[in-house]
Amino acid sequence: MKQTQTIPRIAEWAEAGGAMPLDEAVVALAAVIDHLDMYSDTYEADRVALLSVGAAVWQMSQAPVKAGDVKSDPQG
């Protein structure tokens, strides 16, 4: 899948509720990194890119929730 197809697909999944919890996302990325072919010509670049994504996910998971980011319960 090409970038021009992947980026909109990621947004569609997120909007449809398909995103996994952040802690699970970090575990999933670690598994993908673990399965990379270390003999591939692109191994190091792929590993660095995935580690960068993992760092972004980790950072988001550690960020405090702002009051404006929490949706109020319509029932309560």
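Residues numbered from 1 in each chain as written. Predicted model: local features only at pLDDT ≥ 70, side-chain atom pairs only at ≥ 80, totals over all residues. Heavy atoms only, no water.

Overview of the nonpolar core
Inference 1: Counting residues in hydrophobic clusters, the biggest one holds 5 residues: Ala25, Leu29, Ile33, Leu50 and Val57.
Inference 2: Breaking this core down by element, the ones donating at least two residues are α2 (22–34) and α3 (43–62).
Inference 3: Sorting elements by how many residues they give to this core places α2 first, with 3 residues.
Inference 4: In this structure Leu29 touches Leu50, Val53, Gly54 and Val57, once residues within four positions along its chain are discounted. (Core = buried A, V, L, I, M, F, W, Y, C linked by side-chain atoms within 4.5 Å. Buried < 20%, exposed > 50% of the residue type's maximum accessible area, 1.4 Å probe, protein only. Helix = DSSP H or I, 4+ residues; strand = E, 2+ residues; numbered from the N terminus. Contact = heavy atoms within 4.5 Å.)

Re the environment of Leu22
Inference 1: Within the secondary structure, Leu22 is located in helix α2.
Inference 2: Taking C-alpha positions, Leu22 is 9.6 Å from Gln59, a pair spaced 37 residues apart along the chain.
Inference 3: Ignoring sequence-local partners within four residues, the contact set of Leu22 consists of Val57, Met60 and Ser61.

A look at the pattern of salt bridges
Inference 1: Tallying each qualifying case throughout the model produces 1 salt bridge.
Inference 2: Where Glu44 meets Arg47, a salt bridge forms, and the shortest distance between an N and an O atom there is 2.6 Å. On the criterion of helical spacing, the pair formed by Glu44 and Arg47 is a turn pair, its members being 3 residues apart in helix α3.
Inference 3: By relative accessible area, Glu44 is classed as partly exposed at 41%. (Salt bridge = Lys/Arg side-chain N within 4 Å of Asp/Glu carboxyl O.)

A short note on the layout of surface pockets
Inference 1: For the largest pocket, the calculated volume is near 440 Å³.
Inference 2: What lines the largest pocket is a set of 14 residues, and nearest its centre among them are Ile10, Ala25, Leu29, Val53 and Val57.
Inference 3: Looking at the lining of the largest pocket, the elements with two or more residues in it are α1 (3–15), α2 and α3.
Inference 4: Class assignment for the residues of the lining of the largest pocket results in 13 nonpolar, 1 polar and no charged.
Inference 5: Space inside the second largest pocket adds up to approximately 330 Å³. (1 Å grid on protein atoms, 1.4 Å probe; cavity = no way out; pocket = protein on both sides within 12 Å on 5 of 7 lines; lining within 4 Å. Points joined across faces, edges and corners; volume = space filled by probe spheres on them. Nonpolar A, V, L, I, M, F, W, Y, C, P; charged D, E, K, R; others polar.)

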